[in-house]
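Observations on the three-dimensional arrangement
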Amino acid sequence: MSREITHPGVVRSVEPGIVRVAIVANSACHSCRARQACGMSESAEKLVDVETSDYARYAAGDAVTVGAEQRMGARAVLLAYGGAFVVLMGVLIAAQSLGVNDGASALLSVAGVALYYFVVYLFRDRIKNTIHFTITKI
């Protein structure tokens with residue numbers, strides 16, 4: 001059984017089949033004692049759409065816990081950052097081995113990453129179906 005990553009949140013809205021939950025995403029600096037003096041701490045409210053057939057149990061303002069399996073988080077990070085890194089390095093090495101100058105190689109690498117993210121965008125619905133959230137009333 002894999003572990004679950006959970007975040008507390010507040011229900012913002014409820015639609016048939018979907019509960020929209022606001023969670024506060026804190027940076028790693030959030031727990032630092034010096035964050036007040038540093039000014040680098042940031043936190044942002046993120047909206048998560050949780051698909052559930054039990055949506056009628058929830059109402060705007062309810063305190064809930066949203067969870068996802070840890071392996072899904074790892075898959076998302078790999079897709080978002082790992083794939084882009086592989087494309088960036090692959091295009092850079094290929095361009096350099098073909099004798100393309102440094103500036104053009106860098107531009108081609110960035111264009112390759114942009115193309116990678118465009119393809120990920122095209123497959124967003126398919127990717128969305130692989131990530132499932134759970135919701136629990138507090």
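Moving on, we get to the overall build of the protein chain. When helices and strands are tallied, the protein chain shows four helices and five strands. For the protein chain, the succession of helices and strands along the chain, N to C, is β-β-α-β-β-α-α-α-β. Counting every position in the protein chain, which comprises 138 residues, the buried fraction comes to 18%. Sequence separation of at least 24 residues holds for 69% of the intrachain contacts in the protein chain that already meet a minimum separation of 6. Summed over all atoms, the accessible surface of the protein chain reaches about 9,700 Å², with 62% contributed by carbon and sulfur.

In terms of nonpolar packing, the biggest core is built from 10 residues, these being Val-11, Val-19, Val-21, Ile-23, Val-48, Val-50, Tyr-58, Val-64, Val-66 and Ile-135. Ranked by residue count, the leading element in this core is strand S2 (residues 18–26), at three residues. Apart from residues no more than four positions distant in its own chain, Val-64 is found in contact with His-7, Pro-8, Gly-9, Val-10, Val-11, Val-21, Tyr-58, Ile-135, Thr-136, Lys-137 and Ile-138.

The topology assignment puts Val-113 in helix H3 (residues 102–122). Residue classification places Val-113 among the buried positions, given a relative accessible area of 16%. As for Val-113 and Gly-83, which are separated by 30 residues in sequence, their C-alpha atoms are 8.7 Å apart.

All right, on to the packing of helix H2 (residues 70–97) against H3 then. Where H2 contacts H3, the axes come no closer than 8 Å and their chain directions differ by 145°. Both H2 and H3 take part in a crossing whose hand is right-handed. Side by side, H2 and H3 meet where Leu-79, Ala-80, Gly-83, Ala-84, Val-87, Leu-88, Val-91, Leu-92, Ala-95 and Gln-96 of the first sit next to Asp-102, Ser-105, Ala-106, Leu-108, Ser-109, Val-110, Gly-112, Val-113, Tyr-116 and Tyr-117 of the second. Within the contact of H2 with H3, the residues separate by chemical class into 14 nonpolar, five polar and one charged.

Turning next to a nonpolar patch on the surface. Where nonpolar side chains cluster on the molecular surface, the patch consists of Leu-115, Phe-118, Val-119, Tyr-121, Leu-122 and Phe-123 and spans about 600 Å² of accessible area. Residue position: Val-119 is located in helix H3.

Time to look at the confidence of the model for the protein chain. Should the pLDDT be low somewhere, the predicted coordinates at that spot are not to be read in detail. The share of residues in the protein chain with pLDDT of 70 or more is 86%, and the mean pLDDT across the chain is 87. Looking at the elements of the protein chain, mean pLDDT is at its lowest for helix H1 (residues 35–38), recorded as 56, and at its highest for H3, recorded as 97.

Once that is clear, we can look at the side chain of Thr-52. Mapping Thr-52 onto the fold places it in the loop between strand S3 (43–51) and strand S4 (63–69). Within the local environment of Thr-52, its side chain forms a polar contact with the backbone nitrogen of Asp-54, the two atoms lying 3.1 Å apart. Those residues in contact with Thr-52 that lie beyond four places of it in its chain are Gly-17, Ile-18, Val-19 and Ile-135.

Cut-offs and rules
Note on numbering: residues in each chain are counted from 1, in written sequence order. Under the rules for a predicted model, residues below a pLDDT of 70 receive no local features and side-chain atom pairs below 80 are neither given nor counted, while totals for whole chains, interfaces and linings still include all residues. Side-chain figures throughout are based on the complete set of non-hydrogen atoms in the structure, without hydrogens or water. Going along the chain from the N terminus, every DSSP run of H or I of four or more residues is numbered as a helix, and every run of E of two or more is numbered as a strand. Residue exposure (1.4 Å probe, protein chains only): buried if accessible area is under 20% of the type maximum, exposed if over 50%, otherwise partly exposed. Note on contacts: a residue pair qualifies if any of its non-hydrogen atoms lie within 4.5 Å across the two residues. For the accessible areas, the method is Shrake-Rupley and the probe is 1.4 Å, while residue cover comes only from the protein chains on display. Among buried residues, the Ala, Val, Leu, Ile, Met, Phe, Trp, Tyr and Cys ones that are joined through side-chain atoms within 4.5 Å form a nonpolar core. Angles here are taken between N-to-C directions and fall from 0 to 180 degrees, while the axes themselves are lines fitted to C-alpha atoms, restricted in helices to the stretch in contact. Here is the rule for handedness: rotate from the far helix to the near one, and if that takes an anticlockwise turn smaller than a right angle the crossing is left-handed, while a clockwise turn gives right-handed. Side-chain classes follow a simple rule in which Ala, Val, Leu, Ile, Met, Phe, Trp, Tyr, Cys and Pro form the nonpolar group, Asp, Glu, Lys and Arg form the charged group, and the remainder, Gly included, forms the polar group. What makes a patch is a set of residues exposed beyond 30% relative accessible area and free of salt bridges, joined within 9 Å when like-charged and within 5 Å when nonpolar (Val, Leu, Ile, Met, Phe, Trp, Tyr). Think of a salt bridge as a Lys or Arg side-chain nitrogen and an Asp or Glu carboxyl oxygen that are within 4 Å of each other. Here pLDDT means the predictor's own confidence in every residue, given as a number from 0 to 100. Here a polar contact means two N or O atoms within 3.5 Å. Within protein one must be a hydrogen donor candidate and the other an acceptor candidate, and residues neighboring in sequence count only if both atoms are side-chain atoms.

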